[in-house]
Amino acid sequence: MKIFSLALTGVTLTALAVLPAAPASAKAPAKPHDFNGDGRTDLVVNGPTSVKRGQIGPGIVAIAYGKTGRKQVITRDSAGVSSIDHGDGFGEFTASADFDRDGYADLAVTGPEEDGVTIVYGSKKGLSKRVAFLPTPSPQPEPPYSALAVGDFDRDGRADLVATVRNRYWIFSKVDKGKKPTSRTGDVVDRANDTNYRPNRLFPAAGDFTGDGRDDLVLGNDHNTQARLLKNSAAGLTAPVPVSGLTGIQKLAVGDLDGDGRDDLVSSYWGSVQIRMGRPSGFAKTKTLNGRSPGIPLTGQRHTLGTSLAVGDINRDGKDDLAIGASSAGAKQSGQVVVLYGHKNGVTTKRAQVFSQKNKGLKASAESGDQFGSAVRLVDLTGDRRLDLVIGSSGENRTTGRLYVLAGKKGRITTVGAKQYKPKDFGLGGTRLGALLLP
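Residues numbered from 1 in each chain as written. Predicted model: local features only at pLDDT ≥ 70, side-chain atom pairs only at ≥ 80, totals over all residues. Heavy atoms only, no water.

As annotated in an unreviewed UniProt entry, the chain is FG-GAP repeat protein from Actinocorallia aurantiaca.

Trainee: Got a minute to help me understand the overall build of the chain in this structure?
Mentor: When its secondary structure is counted, the chain shows one helix and 32 strands. Across the 439 residues of the chain, 57% fall into the buried class. (Helix = DSSP H or I, 4+ residues; strand = E, 2+ residues; numbered from the N terminus. Buried < 20%, exposed > 50% of the residue type's maximum accessible area, 1.4 Å probe, protein only.)

Trainee: What exactly am I supposed to notice about the sheet that holds strand β27 (residues 348-355) here?
Mentor: Within a sheet, adjacent strands bond to each other through the backbone by hydrogen bonds, running parallel or antiparallel. In spatial order, the strands read β24-β25-β26-β27; together these four strands make up an open sheet with antiparallel pairing. Every interior strand has two partners, whereas the edge strands, β24 (305-312) and β27, have only one. The mean inter-strand angle of the sheet, taken between neighbouring strand axes irrespective of direction, is 25°. One ladder, built from six bridges, connects β24 with strand β25 (residues 321-326); its direction is antiparallel. Note on β25: the bridge partner recorded for G312 is D321. (Pairing = 2+ DSSP bridges. Axes fitted to C-alpha atoms, helices over the stretch in contact; angles between N-to-C directions.)

Trainee: I'm lost on the nonpolar core in this one. Help?
Mentor: For soluble globular proteins, the rule of thumb is that nonpolar side chains tend to be buried together. In this structure, F99, V117, I119, L148, L161 and L265 are the most contacted members of the largest nonpolar core, which totals 32 residues. The residues touching F99, leaving out its near neighbours within four places in the chain, are D106, I119, V150, A159, D160, L161, V175 and D176. Counting 19 residues, the second largest nonpolar core, distinct from the first, contains A253, V266, L305 and V347. (Core = buried A, V, L, I, M, F, W, Y, C linked by side-chain atoms within 4.5 Å. Contact = heavy atoms within 4.5 Å.)

Trainee: Even after reading the chapter, I still don't get the pairing of strand β14 (residues 202-207), so can you show me in this structure?
Mentor: For a regular strand, the rule is simple: side chains alternate between the two faces of the sheet. Among the six residues in β14, six count as buried, and that is most of the element. Side chains L202, P204 and A206 of β14 all project onto a buried face; the interleaved residues F203, A205 and G207 project onto the opposite face, where all are buried too. Relative to strand β15 (residues 216-221), β14 is paired through six bridges, and the arrangement is antiparallel. Residue pairing across strands places F203 opposite G220, the latter belonging to β15.

Trainee: Sorry if this is basic, but what is going on with the pairing of strand β2 (residues 43-47) here?
Mentor: For β2, a buried count of five out of five residues is recorded, marking the element as mostly surrounded by other parts of the structure. Residues of β2 alternate between two faces, with L43, V45 and G47 on one and V44 and N46 on the opposite face, all of them buried.

Trainee: Would you explain the side chain of D42 in this entry?
Mentor: Positionally, D42 belongs in the loop between β1 (12-13) and β2. For the buried D42, which has no salt bridge, the nearest side chain bearing the opposite charge is R70, at an N-O separation of 7.7 Å. What D42 contacts, discounting residues up to four positions off in sequence, is H33, D34, F35, N36, I63, A64, Y65, G66, R377 and L381. (Lys, Arg positive; Asp, Glu negative; His and termini not counted. Salt bridge = Lys/Arg side-chain N within 4 Å of Asp/Glu carboxyl O.)

Trainee: Sorry if this is basic, but what is going on with the sheet that holds strand β7 (residues 106-110) here?
Mentor: An order of β6-β7-β8-β9 is seen for the four strands of this open sheet, with the pairing classed as antiparallel. In this open sheet, the two edge strands, each paired with only one partner strand, are β6 (93-97) and β9 (131-135). Here the strands of the sheet are splayed against their neighbours by 20° on average, with no regard to which way each runs.

Trainee: Whenever I open this one, unusual backbone geometry confuses me. Can you help?
Mentor: Excluding glycine, most residues fall at negative phi; most peptide bonds, likewise, are trans. Even without glycine at this site, R316 takes up a positive phi of about 55°. Residue position: R316 is located in the loop between β24 and β25. The partly exposed category is assigned to R316, whose relative accessible area is 46%. Of note in this structure, N397 is not a glycine but carries a positive phi near 50°. In this fold, N397 is placed in helix α1 (residues 396-399). On the basis of relative accessible area, N397 is assigned to the partly exposed category, the value being 39%.

Trainee: Is there a simple way to think about the side chain of S327 in this case?
Mentor: Along the chain, S327 turns up in the loop between β25 and β26 (336-341). Within the structure, the side chain of S327 is placed 3.2 Å from the side chain of T307, a separation counted as a polar contact. Sequence-distant contacts of S327, defined by excluding residues within four places in its chain, comprise T304, T307, Q333, S334, G335, Q371, F372, G373 and S374. (Polar contact = N/O pair within 3.5 Å; in protein donor to acceptor, adjacent residues only side chain to side chain.)

Trainee: Sorry, what's going on with the packing of aromatic side chains here?
Mentor: Within a pair of aromatic rings, the relevant descriptors are the distance that separates the centres and the angle that separates the planes. Evaluation of the coordinates by the stated rule reveals five aromatic pairs. Taken together, a centroid distance of 5.7 Å and an interplanar angle of 40° make the contact between Y421 and F426 tilted. Of the two residues, Y421 and F426, both sit in the buried class. We note R130 situated over the ring of Y121; from NZ or CZ to the ring centre the distance is 4.1 Å. (Phe/Tyr/Trp six-rings, centres within 6.5 Å; stacked < 30°, edge-to-face > 60°. Lys NZ or Arg CZ within 6 Å of the ring centre and 35° of its normal.)

What follows is the structure in structure tokens.
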């Protein structure tokens, strides 16, 4: 996936609370989630219902640094962050890019009751006290229910940030060097022509779906209404058009599953996973998978396939692979995760892998309500250029939650030497660690 820009009709906003100017830019921007610039991806754990000792309100973001394993917890009361008035659920949505291009990745954070996005900038020591706030004011009295994505829409080589608030979206450009970023906003549809379109939340996803070298933007929704595609062009993003058959989104993921140079879109909705291959015109016909599709090795209750999604090239063959959570499948409805590998025709079910708490290397017991697979992420935590599989089990130990890290070895995921993280490993309390692991 690339990055974004856009020329849409709307008002121009300014950012607030930018503290202080960033250091000089590095020649090579850091990869997303490499907050200390050591070449290893750092693990972000979203904890909107978690708490840290001594803090009053819930909402945290925890980081496990890839090289050292050092832990860091950012809350609404952290230095720099506390200068901003926050709502509940801080940390539900995050996104990462090296916005200021200084060689250290930065982290964007928001939540269901936030009126904007908090940017925490990276440094040699990791995420720092340098913070910016990007407002996304909602005209409605209800909570804004924000979500985030990253892309380069104007092809200027800088990461742009997409934030959604109900059926509106913002694109922030030049979120760097301590300057006030420029932004544009627009409605997903013309309300006068679509009065029934009232999503509670939009889910943004960015990728070059058409293969023209420009990032496009998909805005899915939790309403029974078609998602919208905003194609990119030399003039910027076009007006939103409906994506046939793409309704009621629960999760979205983007990657090149067939290795043709175009990004593909993966979504889930009520126990099924929909795969749409990118094409010059937009998307090809939808391929749907569910828990009873041939070659999907789930057991027990299979109707939760698609609880979580993650995309990445595990076997380094130039085709992205797909990890899918099914948090109520398997023994005692404890949860399973399926890994499908990329293929010239999209993902294939041949050589599919399935993981559960019954796997030997996990040293865990499968219990009803564990929700193994509540979150999944494919990320290189060791710096060996092989993707590892991180699995959330948000119902573990009476909903305190747990994370499992399974290594990538020889083009497959293995349970040998699997690691675990508990809330106390981060100094946390609260509930449902592992409910969210966002790319």
